[in-house]
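# Report on the structure
Residue-level listing of the chains:
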Amino acid sequence: MLDRRRFLQQAALIGGAGLAGISPMANAASQEEKILRLYNIHTGESLKATFWANGGFVDDEVQDIDLLMRDHRANQALAMQRALYLNLYALQQTLNPNQPIQIISGYRSPQTNQMLRAANGGVAKRSLHMEGRALDIRFPGISCRDLQKAALMMRNGGVGYYPKSGFVHIDTGRVRQWTA
């Protein structure tokens, strides 16, 4: 179970990435390498990407992540907002999952978003997924409740908790939260 004290201790060890008042871009100034381990549940693709090295983003690696985050229905990719990857990295470091982060939804084309919206009233008309600013994720071995708590503590955007569907939504929009 994740508690506030454990979260703060772990966050301090990684330089405060994602804590309230500290932007992920400010923390990104560090020279340490940042690696994401990801798995797209719809395409079966896995990726281990060093998206940050020598004080900056590694463009080829970021593009590989963007491709993994593509709309699998339309087979379209978009350059996702890089702050989203920094937030994802902060969560990965804080929760220390022993398996790759599972990507349920990354980029969504307007057509896919409309199709999902028609099938399920819970999809936003102007979803940040269409702007490359949102992800639906889960961490194997970590409860969605603990993932939600860690994301809320970062205060770096919206956090949606979907317990029945088994995932958490994170985005780089305004700070807000909801449960569906």
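Anything mentioned here points back to the structure above.
What counts, and where the lines are drawn
Residues numbered from 1 in each chain as written. Predicted model: local features only at pLDDT ≥ 70, side-chain atom pairs only at ≥ 80, totals over all residues. Heavy atoms only, no water. Helix = DSSP H or I, 4+ residues; strand = E, 2+ residues; numbered from the N terminus. Buried < 20%, exposed > 50% of the residue type's maximum accessible area, 1.4 Å probe, protein only. Contact = heavy atoms within 4.5 Å. Areas by Shrake-Rupley, 256 points an atom, 1.4 Å probe, with all protein chains shown as cover. Pairing = 2+ DSSP bridges. Axes fitted to C-alpha atoms, helices over the stretch in contact; angles between N-to-C directions.

A few words now on the overall build of the protein chain. Looking only at helices and strands, the protein chain features six helices and eight strands. Taken from N to C terminus, the helices and strands of the protein chain fall in the order α-α-β-β-β-α-α-β-α-β-α-β-β-β. The buried share of the protein chain, reckoned over its 180 residues, is 49%. For the protein chain, the share of sequence-separated contacts (at least 6 apart) that also reach a separation of at least 24 residues comes to 57%. Accessible surface for the protein chain amounts to roughly 8,900 Å². Of this, 47% is attributable to carbon and sulfur atoms.

Another aspect to go through is the pairing of strand β2 (residues 46–53). Two elements, strand β1 (residues 34–40) and β2, share six bridges in a ladder whose sense is antiparallel. Residue pairing for β2: Y39 is matched across the bridge by S46. Between β1 and β2, which pair antiparallel one after the other, the connecting turn spans five residues, and G44 there sits at a positive phi close to 80°. The sheet contact formed by β2 and strand β3 (residues 56–57) spans two bridges and is antiparallel. Opposite W52, over in β3, you have F57 as the bridge partner. Where β2 folds back on β3, the antiparallel hairpin that results is connected by two residues, among which N54 adopts a positive phi of roughly 50°.

Pairing within the open sheet is mixed, and its eight strands lie in the order β3-β2-β1-β4-β5-β7-β6-β8. The sheet is open, and its two edges are formed by β3 and β8 (176–179), each paired on a single side. Across four bridges, the pairing between strand β6 (residues 158–162) and β8 is parallel. Directly across from V159, in β8, lies its bridge partner Q177. Against the sheet, helix α6 (residues 144–154) contacts β5 (134–138), β6, β7 (167–171) and β8, and its axis sits at roughly 170° relative to β6.

Its place among the elements puts R117 in helix α5 (residues 110–119). Accessibility expressed as a relative area gives 31% for R117, which makes it partly exposed. Residues R117 and S127, 10 residues apart in the sequence, show an inter-C-alpha distance of 9.9 Å. Setting aside chain neighbours within four positions, we find R117 in contact with V123, A124 and K125.

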